[in-house]
Amino acid sequence: IVLKNLAVRISASGGATSLATSGSSASWQEGFYDPLTGAYRIAVGPGTWYLTVFLREGTAYAPPPPQELVVTVEQGKTVSRDIVLKRAGSAIQGMVYKSDGSPFPGAFVAVDVPYGGGAQTGTAYPTSLGAETDASGSYKIPVPAGTYTVRVFAPPSAGGLPPEAVTVSIGASETKTANLRFRA
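All figures in this text were calculated on a predicted structure; none of them were measured in a lab.

S.K.: Looking at this structure, I do not really get the nonpolar core. What am I missing?
M.R.: Side chains of nonpolar character tend, in soluble globular proteins, to be buried together. Counting 31 residues, the largest nonpolar core has Ile 92, Val 96, Tyr 139, Ile 141, Val 143 and Val 150 as its most contacted members. Looking at this core element by element, the count peaks at four residues for strand β5 (residues 47-55). Aside from chain neighbours lying at most four places away, what touches Tyr 139 is Ile 92, Gln 93, Gly 94, Met 95, Val 96, Val 109, Thr 133, Val 150, Ala 178 and Leu 180.

Structure below.
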């Protein structure tokens, strides 16, 4: 089944030199997604590319595991790769607080699956789901079963340092809570 009319953003990072061996910044390309057909296209050069899939808030689907988003392109070749989304039957929810303990409305909570192994580590997140906190500072993000890194973002003008990322493992049809507090 082809999923249509989703709010999807697809990009690729990498290139001629693998990120695992280069130690330097690599190329990044934004893709084109057609919501009427479900098709996407990214023009890249030769090399190993790490696709990123970002689905907008309220989507009942989640991107595939990171290892399914690594693509190697040879010089002069075209690669076709379907991206299979998973139905999100579980959820991560919680509250975001300012450093003084009051609720933090309007913060963006991202639930990510970090790359594993030697391909990319640290701050590279190939798949992401997210939601903005409501007026009471709460959020709820549908996810499939798995292990996720929960991070929070807010404009610098909001004050305080973002909370440390939290790792959450969740089973099928479960709801887990991850409360996050900005630091002074």
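S.K.: Before we go on, may I ask you to explain the packing of aromatic side chains in this structure?
M.R.: In this description, an aromatic ring pair is defined by two values, namely the gap between the centres and the angle between the planes. This model, assessed by the stated rule, comprises one aromatic pair. When the centroid spacing of 4.7 Å and the interplanar angle of 35° are considered together, the rings of Phe 104 and Phe 182 count as tilted. Taken together, the positions of Phe 104 in the loop between β9 (90-97) and β10 (108-113) and Phe 182 in the segment after β16 (180-181) put the pair 78 residues apart, joining distant regions of the chain. When its relative accessible area of 4% is taken as the criterion, Phe 182 is described as buried. Between the NZ or CZ atom of Lys 98 and the centre of the ring of Phe 104, over which it lies, the distance is 5.8 Å.

S.K.: Just checking my understanding: could you explain the pattern of salt bridges for this structure?
M.R.: Should the charged atoms of two oppositely charged side chains come close, the side chains can pair. For the structure on display, the rule yields two salt bridges. Residues Asp 112 and Arg 151 are paired through a salt bridge, measuring 2.5 Å at the closest nitrogen-oxygen approach. Of the two residues, Asp 112 is situated in strand β10 and Arg 151 in strand β13 (residues 146-153); the sequence distance between them amounts to 39 residues. Two residues, Arg 183 and Glu 164, come together in a salt bridge whose shortest N-O distance is 3.0 Å. You can see Arg 183 sitting in the segment after β16 and its partner Glu 164 sitting in the loop between β13 and β14 (166-170), a full 19 residues away along the chain.

S.K.: Can you help me understand the environment of Arg 41 in this one?
M.R.: Relative to the helices and strands, Arg 41 resides in strand β4 (residues 40-41). Through-space distance from the C-alpha of Arg 41 to that of Glu 30 is 9.1 Å; in sequence the pair is eleven residues apart. Setting aside residues no more than four positions away along its own chain, Arg 41 makes contact with Gly 31 and Phe 32.

S.K.: Please explain unusual backbone geometry as it appears in this structure.
M.R.: Both trends apply: most residues other than glycine have a negative phi, and most peptide bonds are in trans. Backbone geometry at Ser 173 places phi at a positive 60°, although glycine is not the residue there. Its location among the elements puts Ser 173 in the loop between β14 and β15 (175-177). Residue Ser 173 is classed as exposed on the basis of its relative accessible area, which comes to 68%.

Cut-off values and rules
- In this convention, every chain numbers its residues from 1, walking through the sequence in written order.
- Given that this is a predicted model, residues contribute local features only at a pLDDT of at least 70 and side-chain atom pairs are listed and counted only at 80 or more, while totals for whole chains, interfaces and linings are drawn from all residues.
- Side-chain calculation: all heavy atoms of the structure are included, whereas hydrogens and water are not.
- The definition of a nonpolar core used throughout is a set of buried Ala, Val, Leu, Ile, Met, Phe, Trp, Tyr and Cys residues joined through side-chain atoms within 4.5 Å.
- Think of it in three bands: residues with accessible area under 20% of the maximum for their type are buried, residues over 50% are exposed, and the middle band is partly exposed, with areas taken using a 1.4 Å probe on protein chains only.
- Only DSSP runs of H or I with at least four residues qualify as helices, and only runs of E with at least two residues qualify as strands; both kinds are numbered from the N terminus onward.
- Note on contacts: a residue pair is in contact if any heavy atoms of the two residues lie within 4.5 Å.
- A pair of aromatic rings is counted whenever rings of Phe, Tyr or Trp (Trp by its six-membered ring) have centres within 6.5 Å, and the orientation is called stacked for planes under 30 degrees apart, edge-to-face for over 60 and tilted otherwise.
- In this scheme, Lys NZ or Arg CZ marks a charge over a ring once it lies within 6 Å of the ring centre and within 35 degrees of the ring normal.
- In the sections that follow, a salt bridge refers to a side-chain nitrogen of Lys or Arg positioned within 4 Å of a carboxyl oxygen of Asp or Glu.

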